[in-house]
Amino acid sequence: MRLRKIGTAAGVVMSAMAVAVLTSGTAHAATYSIQSGYSSPGGYGRAEVSMSGGSYNLVACDAGPADGNRAVAYIWNNSTGFYDYKHAASGSGVCETEGWEYLPSPTPGTYYLQICLRNGASGADFACRTGSFYYNGLG
């Protein structure tokens, strides 16, 4: 019985340490993500944006079974005119980003994140999904 209590106490301490490590390493960025609708063969796209202060990192992912399509991620803010996009064109299972970039106007406000599938570089977007979020300008 005594060993069980020690084991339980040790488990609680280990769990508390894991939580401390996870929370102390939290990035200073706010992250938002969205997934597209499914295409007929089952492939889909995923977009994610992390924002911190006056910068952002847009990620486009081509996910699911290979279907010959690419994923295209878009982000914009109607109030400031900010707009950017990223293609994930290297095949299923690949995410692509250009890394952290500066926002031209790091104004707090509503941003829109959209993910679409596209057949080729100049094909029409389809299976799009759009979400919006409020970014406070801090991260």
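Residues numbered from 1 in each chain as written. Predicted model: local features only at pLDDT ≥ 70, side-chain atom pairs only at ≥ 80, totals over all residues. Heavy atoms only, no water.

### Some points on unusual backbone geometry
(1) Moving on: Backbone geometry places Ala-127, a non-glycine residue, at a positive phi of 50°.
(2) Moving on: By secondary structure assignment, the location of Ala-127 is in strand 9 (residues 125–135).
(3) Moving on: Classification of Ala-127 by relative accessible area gives partly exposed; the value is 24%. (Helix = DSSP H or I, 4+ residues; strand = E, 2+ residues; numbered from the N terminus. Buried < 20%, exposed > 50% of the residue type's maximum accessible area, 1.4 Å probe, protein only.)

### Considerations on empty space enclosed by the protein
Empty pockets left among the atoms are what a rolling probe the size of a water molecule brings to light.
(1) Moving on: One pass over the structure, following the stated rule, counts 1 cavity of 30 Å³ or more.
(2) Moving on: Taken as a whole, the largest cavity spans an internal volume of roughly 50 Å³.
(3) Moving on: Tyr-56, Asn-57, Leu-58, Asp-84, Tyr-85, Lys-86, Thr-97, Glu-98, Gly-99 and Glu-101 together form the lining of the largest cavity.
(4) Moving on: For the lining of the largest cavity, the elements supplying multiple residues, two or more each, are strand 3 (55–63) and strand 5 (82–88). (1 Å grid on protein atoms, 1.4 Å probe; cavity = no way out; pocket = protein on both sides within 12 Å on 5 of 7 lines; lining within 4 Å. Points joined across faces, edges and corners; volume = space filled by probe spheres on them.)

### Overview of the environment of Gln-114
(1) Moving on: Summarising the element assignment, Gln-114 is placed in strand 8 (residues 109–118).
(2) Moving on: The exposure class of Gln-114 is buried, given its relative accessible area of 17%.
(3) Moving on: Note: C-alpha distance between Gln-114 and Ser-132 (18 residues apart in sequence) is 8.6 Å.
(4) Moving on: Setting aside chain neighbours within four positions, we find Gln-114 in contact with Ala-47, Val-72, Ala-73, Tyr-74, Trp-76, Cys-128, Arg-129 and Thr-130.
(5) Moving on: Within the structure, Gln-114 has its side chain in polar contact with the side chain of Thr-130 (distance 2.7 Å). (Contact = heavy atoms within 4.5 Å. Polar contact = N/O pair within 3.5 Å; in protein donor to acceptor, adjacent residues only side chain to side chain.)

### Concerning the side chain of Glu-96
(1) Moving on: Along the chain, Glu-96 turns up in strand 6 (residues 94–97).
(2) Moving on: No salt bridge is formed by the buried Glu-96; its nearest oppositely charged neighbour, Lys-86, is found at 4.5 Å.
(3) Moving on: A polar side-chain atom of Glu-96 sits 2.6 Å from a polar atom in the side chain of Ser-90.
(4) Moving on: Other than its neighbours up to four places away in sequence, Glu-96 contacts Leu-58, Val-59, Ala-60, Lys-86, His-87, Ala-88, Ala-89 and Ser-90. (Lys, Arg positive; Asp, Glu negative; His and termini not counted. Salt bridge = Lys/Arg side-chain N within 4 Å of Asp/Glu carboxyl O.)

### Topic: the sheet that holds strand 9
(1) Moving on: Spatial ordering of the open sheet is given by 5-4-8-9, a layout of 4 strands whose pairing is antiparallel. In this open sheet, the two edge strands, each paired with only one partner strand, are strand 5 and strand 9. With strand direction ignored, the average angle separating the axes of adjacent strands in the sheet is 15°. (Pairing = 2+ DSSP bridges. Axes fitted to C-alpha atoms, helices over the stretch in contact; angles between N-to-C directions.)

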